[in-house]
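A closer look at the structure
Next come the chains, spelled out residue by residue.
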Amino acid sequence: MGRLLRRLRKGRRGRGPARGAAGAGLCAALVLALPGTATAAGNGNPYDFAKGARTVDGAPSGATAAQLKTGVTYRSSLVAGDGVTSYYRVELDGAATAYASVVAVPPLGSGVKAAPADGIAVSLRDGQGNQCDAERATFRSGSYPRPIAAAVERSVRPGGPRCQSAGTYYLAVERTAAAASSDRDWGLELRVATEPGLVSAAPGASARTWPSEPAALPSGTGARRSGGTGFNDARALTSGAWKDRIGPGQSHFYRVPVDWGQQLSLGAELDGSAGDGTRREAVPGALDMELYNPARAPVAAKGAAYSGGTTSATFDPLPPVAYGNRLLSRDDEAATGLAGWYWLKVTLSPAMAEQAGGLGMTLRVAVDGAAKQAPDYVRDPGEFQVTSADLAAAERGEGGVEWDFGAGSGSGSKSGSGSGSDPDSGADSGSGSDSGSASGRGGASGGAVASSDTSPGGDLMTLVGVAGVGTGSALVLWLAAWRVLAVRKVRRAQG
């Protein structure tokens, strides 16, 4: 802007009103030309990537792979095509357990085709090619795109057969796609987090003492807390009933702090529509829920069909969080071996397109039991704990966005980030901290409708809003400078 004003000042003589109009147009053009400011609502993915995430390119092999540093969030992309694989390099010590998480963010929209088996295959190998862990994340029963996540780990334990030493490890992310699926690149969010070792020997497998029946969830209509677009702006919740509104194709994210010894129970209810009371055909998989642990590893998934009336889904009982859970045989139980933020993703199928204005939804959250003492870590566990700041963030309801339901296809309008006034007020206000850390302590930033067809992300949502404000600011600054120069010219003529 300073350079532009200097150019206008140098060339002000003999230019007249035409130069003023051109300058104003140039100011507007400079701002509107910012990348990612198109607003094709419903064609992009509003997922809010971590603020300050470093951009990194995946390599075709481990030999040229870029390094991912632990504790840092990265943004990358996965080229379209079945079997296409991107490699990244990680340096690990020989003491800490490492978790490498991958969030895949596909484009949305009615023109995007997907199959249930579409997704990502993630693996971690050591420098000798030994596979430490491998996981998949797919769209499962719902043949429509939405953010999915997987995590692989390298655990160090006495007598471990492989992947125990310090050195270079390789993270591979492979695209799996059906022949008829859309040939579009996907966005990726990558993060490697480490959990310190224990001072003493690790405990054995947890005893199965928790109830086999679902816990009694909170009743009532619930106070309003709108969900976020992803892990980085997920709405923080405590025990209770919480209202939101969700549109076709939208995925809303929430987070709940769960400490050692506490048991998490979750359920969601989708309101019926007054016009759907006589619906003859159900929409299978209309409501889809997926729960992730503090390492962003999937814990459990649940879905429900919609037939016009109230639809509900509740996760099967999970064990209280305990270090020994990771030795249990069932994947959902083993995934509850970490304390910290647990993440909930709720998606409404695009097949519910006739509900363009969205449907009301109630989340019922119960965190039962008193927090117990943490394992005896050799150092601070970082994001794998529940702090007083986390509890305060949950009480305030930090995170979340205001969603746009006009397009009915998954776009989000970010008008606030709710560190939240009174949650009973029926509105989200305030602004949370915006660290964008994987521990979920960041809120959402302001902005407008997300838009990108090929590079989805929250940066676009911010830039759209910035463009609107920036255009007005540029014009005001130019007019102010023009007036000062004009006054000086008149004074010289009079002198």
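Everything in this summary refers to the structure shown in the same document. (Residues numbered from 1 in each chain as written. Predicted model: local features only at pLDDT ≥ 70, side-chain atom pairs only at ≥ 80, totals over all residues. Heavy atoms only, no water.)

Considering all chains together, one arrives at 7 aromatic pairs under this definition. Consider the rings of Y47 and F49, whose centres lie 5.1 Å apart with planes at 75°: the pair is edge-to-face. For the residue pair Y47 and F49, the accessibility class agrees, reading buried in each case. Centre to centre, the rings of F231 and W343 are 5.3 Å apart; their planes meet at 70°, and the pair counts as edge-to-face. Pair noted here: F231 is in the loop between β11 (223-224) and β12 (235-236) and W343 is in strand β19 (residues 340-348), with a separation of 112 residues, a long-range link. Judged by relative accessible area, F231 falls into the buried class, the value being 1%. Judged by relative accessible area, which is 0%, W343 ranks as buried. Taken together, the ring pairs connect Y47, F49, F231, F253, Y292 and W343 into an aromatic cluster. A cation sits over an aromatic face here: R146 above Y144, 4.3 Å from the ring centre. For the cation-ring pair, R326 lies above Y323, with the distance from its terminal atom to the ring centre recorded as 3.7 Å. (Phe/Tyr/Trp six-rings, centres within 6.5 Å; stacked < 30°, edge-to-face > 60°. Buried < 20%, exposed > 50% of the residue type's maximum accessible area, 1.4 Å probe, protein only. Helix = DSSP H or I, 4+ residues; strand = E, 2+ residues; numbered from the N terminus. Lys NZ or Arg CZ within 6 Å of the ring centre and 35° of its normal.)

Turning our eyes to something else, we now look at the nonpolar core. Counting residues in each nonpolar core, the largest one holds 40 residues, and the members touching the most others are L264, L291, L344, V346, M361, L363 and V365. Counting only elements with at least two residues in this core, the list comes to β13 (240-246), β14 (251-258), β15 (263-270), β16 (283-292), β17 (298-306), β19 and β20 (359-368). When sequence neighbours within four positions are dropped, the list of residues in contact with L363 reads L237, G240, A241, W242, Y254, G267, A268, L344 and V346. (Core = buried A, V, L, I, M, F, W, Y, C linked by side-chain atoms within 4.5 Å. Contact = heavy atoms within 4.5 Å.)

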